[in-house]
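# Breakdown of the fold
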Amino acid sequence: MKKWLWLMLVMLVAIAVMDISGAFQQPELLPIVENTPLEKPQLQPEPQNNNTNTLLVSADQLLAHIQKLNFQRFTTKERFNTRTYITTKLRKFGWKPQIEKFPTGVNIFAQRQGTDKAAGAILIAAHYDSVEFSPGADDNATGVAVVLEVARLFADYPTSRTLQLAFFDKEEAGLLGSQAFVKQKARISNLRGVIVMDMLGYACYTAGCQKYPTGLPVTPPSDKGDFLAVVGDMEHLPLLNAFSNTNQNLPAVLTLPIPFKGVLTPDTLRSDHAPFWYQGVGAVLVTDTANLRSPNYHQPSDLPKNIDRSFFTGSAQIIVNAATTLLETTGVLTTPPAT
């Protein structure tokens, strides 16, 4: 009888220990999961390349930024907290961020000098604010994450052209941050090209899930949202062509050369590249096409769990590849005159 009592006591103690240890486990982070629609292609989560000179993005780094920015970035306090996160990361990577105030907001700017001063600069930018009531995981924590990944990868990577980084405020209020930026003549006088990123992480793979604005100058590749769109002006086609992608492990790229600075296609003027166009500076918008694809656009459902990991990581790699090409070359990025 004593033997059975002793055995029961040992079992009760074991159960109690298990309950106590479970009670003190750290809460699980909100997971970032991939969408799992039918016919989803098997993209590489982390792009691989046998060329040791290729800078490879880190999926873990990219997704960690999105987790840290998983909050509404609309109020003054929220945007201050966002800037604190961005500037802390930039300093960690060895950059010296500058705070640039304008009447209704605050931009962040940083640069790393190239080896050839005459080659000019390439600016890589994204807006960091969100609309009210939306945590903006895709719009635009994805863009912020990629600019920060560029900062990490290029911190000690010498290039001919100067690399500039910008995080624009108040894009959602009418492109106010980028408009304030282009008004500074000293900021744009040395620019050879701009890469603006706005929503990079949502993909859909069912027929009819991708919509298109009217008046596009090219034939759409499909009615699935499985590609990355790059929008550029006709006056700077070499800049746009840097995004041509032949790597089958990465998302397909649809390049859209827009004539007349988007006057005939106003849907192509909805992000921070547009103010640069109207200052004569070549700029491209890299995007997953926003509300033309995503049901989470400007909604409370724009959450980290709806980011497609492999598509987002592949999109980031395409941008890094294009940035590397543009920074390492010194050729003219304007469209040659017709002969």
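These remarks concern the structure in this document. (Residues numbered from 1 in each chain as written. Predicted model: local features only at pLDDT ≥ 70, side-chain atom pairs only at ≥ 80, totals over all residues. Heavy atoms only, no water.)

## Some details on the sheet that holds strand β1 (residues 98-102)
Pairing between sheet strands relies on hydrogen bonds along the backbone, with the strands arranged either parallel or antiparallel. Taken in spatial order, the 8 strands of this open sheet run β1-β2-β4-β3-β5-β8-β6-β7, and their pairing is mixed. Since the sheet does not close on itself, it has two edges, and those belong to β1 and β7 (252-258), each with one partner. Averaged over all pairs of adjacent strands, the angle between strand axes in this sheet comes to 20°, irrespective of strand direction. In this sheet, strand β4 (residues 162-168) lies alongside strand β2 (residues 105-112) in antiparallel orientation, the contact comprising 5 bridges. (Pairing = 2+ DSSP bridges. Helix = DSSP H or I, 4+ residues; strand = E, 2+ residues; numbered from the N terminus. Axes fitted to C-alpha atoms, helices over the stretch in contact; angles between N-to-C directions.)

## Some remarks on the packing of aromatic side chains
Considering all chains together, one arrives at 6 aromatic pairs under this definition. With a centroid separation of 6.3 Å and an interplanar angle of 5°, the aromatic rings of Y212 and F227 are classed as stacked. Residue Y212 is found in the loop between β5 (191-197) and β6 (227-233), and its partner F227 is found in strand β6; the two are separated by 15 residues along the sequence. Taking the relative accessible area as the measure of exposure, Y212 reaches 25% and is therefore partly exposed. Classification of F227 as buried rests on a relative accessible area of 2%. (Phe/Tyr/Trp six-rings, centres within 6.5 Å; stacked < 30°, edge-to-face > 60°. Buried < 20%, exposed > 50% of the residue type's maximum accessible area, 1.4 Å probe, protein only.)

## Some words on the side chain of S294
Along the chain, the position of S294 falls in the loop between β8 (283-287) and α9 (309-328). Engagement of the side chain of S294 in a polar contact is seen with the backbone nitrogen of N296, the distance being 3.1 Å. (Polar contact = N/O pair within 3.5 Å; in protein donor to acceptor, adjacent residues only side chain to side chain.)

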